[in-house]
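Structural features, examined
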Amino acid sequence: MIENIKNITMQFGGKFYLLEFFAWGLALFLLCSLIKNSKKRTLASFLSTLWLMLQLSSLYFTQTFISYRYYIHFNIRGVQSMIGLYILPLLSFIFLFLFLVYFLYLSNKIYLFISHKLTFLDSKKGILFRISCIIILIGFSFFKGHLVEDSNSLFIAFNTKSENFQNVLKENHIINYTSPSKIKAEKGKNIIVISLESLERSYLLENKFTEITPNLRNLKKEWNYINLEQNYGSDWTSGSLYTYLTGFPSFFGVYGNSIFQTAYHSEITSISNVLKKAGYTTIYLNGNTDYSGVKEMLHVFDFDKVIDNKNSSKNTFESSYGLRDKDLFEIAKEEIKSKVATNSNYALFISTTDTHFPNGIYDQRMEKWVKKRDSELDFMVSAVDFMIKDFLDYLKTNHLMENTVIYIFPDHLKMGDPSIFEHPERRGLYLLSNAKKEDLAIKKSDTTLYQIDLSKLILNGASIKHNMTFLTDYIEGDKNTYIKKNINVITSINTSGFLRYGTKLVDLTFNPDIYKKIKNDTLRFIAHAGGKIDNEIYTNSKEALDLSYKKGFRLFELDIIKTKDGKYVAAHDWDYWKEITNYKGTIPVTNEEFLKHKIFNQFSPLDMKGINQWFTEHKDAILITDKVNEPKDFANTFAFKNRLMMELFSLEAVKEGLDANILSAMPSTNVIENMSIKDVHKMKKMGIKNISLSRRFIYINPDFLEECLKIGIKPFAFHLNSDPGIDEAYVLKYEMNYFYGIYADEWDFN
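Read on for a plain summary of the structure. (Residues numbered from 1 in each chain as written. Predicted model: local features only at pLDDT ≥ 70, side-chain atom pairs only at ≥ 80, totals over all residues. Heavy atoms only, no water.)

**Brief notes about the overall build of the chain**
Rule in force here: Where helices and strands are cited, they refer to DSSP runs of H or I of at least four residues and of E of at least two residues respectively, numbered from the N terminus. C-alpha atoms define the radius of gyration, and 2.2 Å times the number of residues to the power 0.38 defines the globule rule. Accessibility here uses a 1.4 Å probe with only protein chains present; expressed as a share of the type maximum, an area under 20% marks a residue as buried, one over 50% as exposed, and anything in between as partly exposed. In what follows, a contact means two residues having at least one pair of non-hydrogen atoms within 4.5 Å. Only four residue types enter the charge count: Lys and Arg as positive, Asp and Glu as negative, with His and the chain ends excluded. The location of each charge is read from NZ of Lys, CZ of Arg, CG of Asp or CD of Glu.
Along the backbone of the chain there are 32 helices and 21 strands. Over its C-alpha atoms the chain spans a radius of gyration of 30 Å, differing by no more than 12% from the 27 Å that the globule rule assigns to 750 residues. Burial statistics for the chain: of 750 residues in total, 56% are counted as buried. Look at the contacts in the chain between residues 6 or more apart in sequence, and 71% of them connect residues 24 or more apart. With 90 positive and 85 negative side-chain charges, the chain shows a separation of 4 Å between the mean positions of the two kinds.

Structure follows, in structure tokens:
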């Protein structure tokens, strides 16, 4: 009984946190009891309960009162992504909320009942007594409690203004910071980063977990093991990711992680910028990257490939969150196999999930290899421990360890009840790596390493020569103390370091009349890369064209690239073509070789002969090209100039396209992104009829798009299905005030 009470107390932050919470509960009870008007008391009861329940939920999930971490972690999208893990706590909180509202509403009657029993509390003394108690209870919290300190990060972050990025750096003595455009780098070894959900240091140190984490413990003996501490501002999954990519704690003020949803360029350097400059392919794997803005963050940092439950094959074992860790590691093996086959340098980032608070996400398949444990969380910790061994065995068997550096670390401390650990005071993180100790280049002065040190260690350990600079190099003394004292500085750096879409309000109201008018207009829909077929996109295949034509499409986009012998063929890029055809040789290939290989083992590739043949047979079809930026040369190989529209990527190419007398030379985003309203009329005079640009452009310059439509230039939007929830139906319903047509993977004209 006593042990259970102790565990519950620890779950909510410990006895001092709970004591302070109950002090606030009592103060609000007394405050409500002073309100005689029933309507006002109802409102006060509701607001008091709402505040108490938010604080209680923060104590439950983070063991602190509401802080910046809570604000980030429990945004609407984050809750939606993880809701399946918290059904029982959520129902309990709803019940408690309703009970407390009613209890506080009855506070005046409850107090009157008590005062009748305690005769010294007459009406006048009772009012004075209650007011005095309220002042004492709140005063205790402010001067001796945790509430003010925990809330401080929230207040400071929210009260920080975005300024010029370079000015912010200079004002805070961060001199010679290397921005992404100035990065220089030379490749070293391949990199694999494995970020383990909540699998903190105690699992590797305490005797009670010996049988649960045998493989990680063996790595602790065989590899370099470094104690790592959790720093302020990086103690949640997406915050940890941002920190180990950039070296900055994840403070973004009122924007939170939503800043990435509107960001299109970063002045903050990520290790992905270094890796890209050095010629690496960057790949990130997680069960669900919609959670907490992760997908948008990775796009801003220019990751080459993001793999999650949205773009991987379904196998019925997905959890309410997304892909299981077992499947992530299997996909990772295939990705590595693919990169090794092409002799490509890669940096692979795996973020696990199945050991997530509160009880892990049970995967019954792992019972084949892992013994039953006392709890589902212990079982999944043991399962992930096994997965790591299995993954490393795969690398060893295939002789992939010699030129590969691996980093394993927890994303943050375990959320929730810390009483499962025998020594909570020893909790912390760690770094396991097969990198040479001398390559890691840890300074003697760095007696305590934090999450902000990881980005530097990852590059150093892989022997990558670079000129990236890190926040940790500018800090003297204890790094966590520096972070706590400079939340406003870090927030200002983070928020000013991203170029974001404009702040002008965009009209996204649904107009059913417009929707009805355009939803069946086939000349507003471009079949993107030929259109989706068998749930595959970017096939650029004959079968995709056939299917899209049958559905009603009449505008067809194909990605056009050149073969080794200078012939035009339809493919998105050579690396992707190699992947979807399982080609094992060097790229690019000749036109003859290109035609030998089916796409996904079933779809027919298209060279110019095949493209011309298809458009000869479909006389009302129009071709729109992407990738190729040589309009005259391509127009001379395509049989129907009067049915050719080309997305072009320089003003010179646009002019060349106009001179070639094709149906439409379409400037792309990079041509028009810096244009003004006046330039719209110049385009019209040049003879430009259509433009091709990202749908995200409406947040940069909606006036530009409105002016285009006004004078008869037709904007076509791409980047549909690139952002969560933004599909063809969404754009047609909410964004067609700014576009004439769209690039669609699929659409039902019926």
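Let's pick the thread back up.
**Section: the pairing of strand S8 (residues 404-410)**
Quick note on the threshold: Pairing between strands is defined by DSSP: at least two bridges between them are needed.
The buried count for S8 comes to seven of seven residues, which makes it a mostly enclosed element. Inspection of the sheet shows strand S2 (residues 190-196) paired to S8 by seven bridges, in the parallel sense. The residue bridging Ile 194 from the neighbouring strand is Ile 408, located in S8. Strand direction decides the pairing type here: S8 and strand S9 (residues 429-433), joined by two bridges, are antiparallel. Bridge pairing links Ile 408 to Leu 432 in S9.

**Some words on the sheet that holds strand S6 (residues 305-307)**
Whenever strands of a sheet pair, they do so through backbone hydrogen bonds, lying parallel or antiparallel. Stated formally: Helix axes are fitted to C-alpha atoms over the stretch in contact, other axes to C-alpha atoms as well, and angles between N-to-C directions run from 0 to 180 degrees.
The strand order S6-S5-S7-S2-S8-S9-S3-S10 describes an open sheet built from eight strands, whose pairing is mixed. Bordering the open sheet on either side are S6 and strand S10 (449-450), each of which pairs with just one other strand. Its contacts with the sheet put helix H13 (residues 237-246) on S2, strand S5 (281-286), strand S7 (346-351) and S8, and the angle it makes with S7 is roughly 160 degrees. Against the sheet, helix H17 (residues 376-397) makes contact with S2, S7 and S8, and its axis sits at roughly 170 degrees relative to S2, the strand it touches most.

**With respect to the packing of aromatic side chains**
This is how the line gets drawn: The aromatic pairing rule takes the rings of Phe, Tyr and Trp, using the six-membered ring of Trp, and pairs them if the centres are within 6.5 Å, calling planes under 30 degrees apart stacked, those over 60 edge-to-face and the rest tilted. Think of it as a cone above the ring: NZ of Lys or CZ of Arg counts as a charge over the ring if it is within 6 Å of the ring centre and within 35 degrees of the ring normal.
Under the criterion given, the structure shown has 47 aromatic pairs. Taking the centre distance of 6.4 Å and the plane angle of 80 degrees together, the rings of Tyr 538 and Tyr 576 count as edge-to-face. With Tyr 538 in the loop between strand S13 (525-527) and helix H23 (542-551) and Tyr 576 in helix H24 (residues 574-581), the pair connects residues that are 38 residues apart, well separated along the chain. A relative accessible area of 21% places Tyr 576 in the partly exposed class. The rings of Tyr 549, Phe 556, Tyr 568, Trp 614, Phe 615, Phe 634, Phe 638 and Phe 640 are connected pair by pair, giving a single aromatic cluster. It is Lys 220 that lies over the ring of Tyr 225; its NZ or CZ is 4.8 Å from the centre.

**Side note on the pairing of S5**
The test is simple: Handedness of a crossover: with both strands directed away from the viewer, a clockwise path from the first strand across the helix to the second marks it as right-handed.
A large share of S5 lies buried, amounting to six of its six residues. Examined bridge by bridge, S5 and S7 share six bridges and lie parallel to one another. In the strand pairing of S7, Asn 286 is matched with Ser 351. Pairing between S5 and S6: three bridges, direction parallel. In the strand pairing of S6, Leu 285 is matched with Ile 307. The β-α-β motif built from S5, the intervening helix H15 (residues 294-300) and the parallel element S6 has right-handed crossover chirality.

**Some words on the environment of Ile 533**
Tracing the backbone shows Ile 533 in the loop between S13 and H23. Judged by relative accessible area, Ile 533 falls into the buried class, the value being 9%. For the pair Ile 533 and Ile 194, spaced 339 residues apart in the sequence, the C-alpha separation amounts to 34 Å.

**Here we look at unusual backbone geometry**
A cis amide bond, omega 0 degrees, links Ile 587 with the succeeding residue Pro 588. With respect to the helices, strands and loops of the structure, Pro 588 is situated in the loop between H24 and helix H25 (591-595). Phi angles above zero are rare outside glycine, and Ser 463 is one such case at about 60 degrees. Structurally, Ser 463 can be placed in the loop between helix H19 (454-461) and strand S11 (465-466). The phi dihedral of Asn 601 falls on the positive side, at around 65 degrees, and the residue is not glycine. Looking at the secondary structure, you find Asn 601 in the loop between H25 and helix H26 (608-617). With relative accessibility at 71%, the residue Asn 601 sits in the exposed group.

**Let's talk about helix H3 (residues 38-62)**
The condition is simple: Expected helix span is taken as 1.5 Å per residue step, with the number of steps being one fewer than the number of residues. Definition of a polar contact: a pair of N or O atoms within 3.5 Å, with one able to donate and the other able to accept a hydrogen when the atoms are protein atoms, and with sequence-neighbouring residues admitted only if both atoms are side-chain atoms.
An ideal rise of 1.5 Å per residue puts 36 Å on 25 residues; H3 measures up with 35 Å between its terminal C-alpha atoms. Between a side-chain oxygen at the N-terminus of H3 and the backbone nitrogen of Lys 39 the separation is 3.0 Å; the capping residue is Asn 37. Following H3 by one or two positions, Gln 63 has its phi on the positive side, about 60 degrees.

**Overview of the pattern of salt bridges**
Just so we agree on the cut-off: Basic side-chain nitrogens of Lys or Arg form a salt bridge, by our definition, when they fall within 4 Å of a carboxyl oxygen of Asp or Glu.
Across all of its chains, the model carries 31 salt bridges by this definition. Here Arg 201 ties to Glu 229 by a salt bridge, and the two come within 2.7 Å at their closest N and O atoms. Of this pair, Arg 201 sits in the loop between S2 and helix H11 (202-205) while Glu 229 is found in strand S3 (residues 224-229), placing the two residues 28 residues apart along the sequence. Judged by relative accessible area, which is 7%, Arg 201 ranks as buried. With its nearest N and O atoms 3.7 Å apart, the salt bridge here joins Lys 562 to Glu 630. Residue Lys 562 is located in strand S14 (residues 555-562), and its partner Glu 630 is located in the loop between strand S16 (622-626) and helix H27 (631-637); the two are separated by 68 residues in the primary sequence. Under the relative-accessibility criterion, Lys 562 is labelled partly exposed at 31%. A network of salt bridges, in which partner residues are shared, links Asp 290, Lys 295, Asp 308 and Lys 310.

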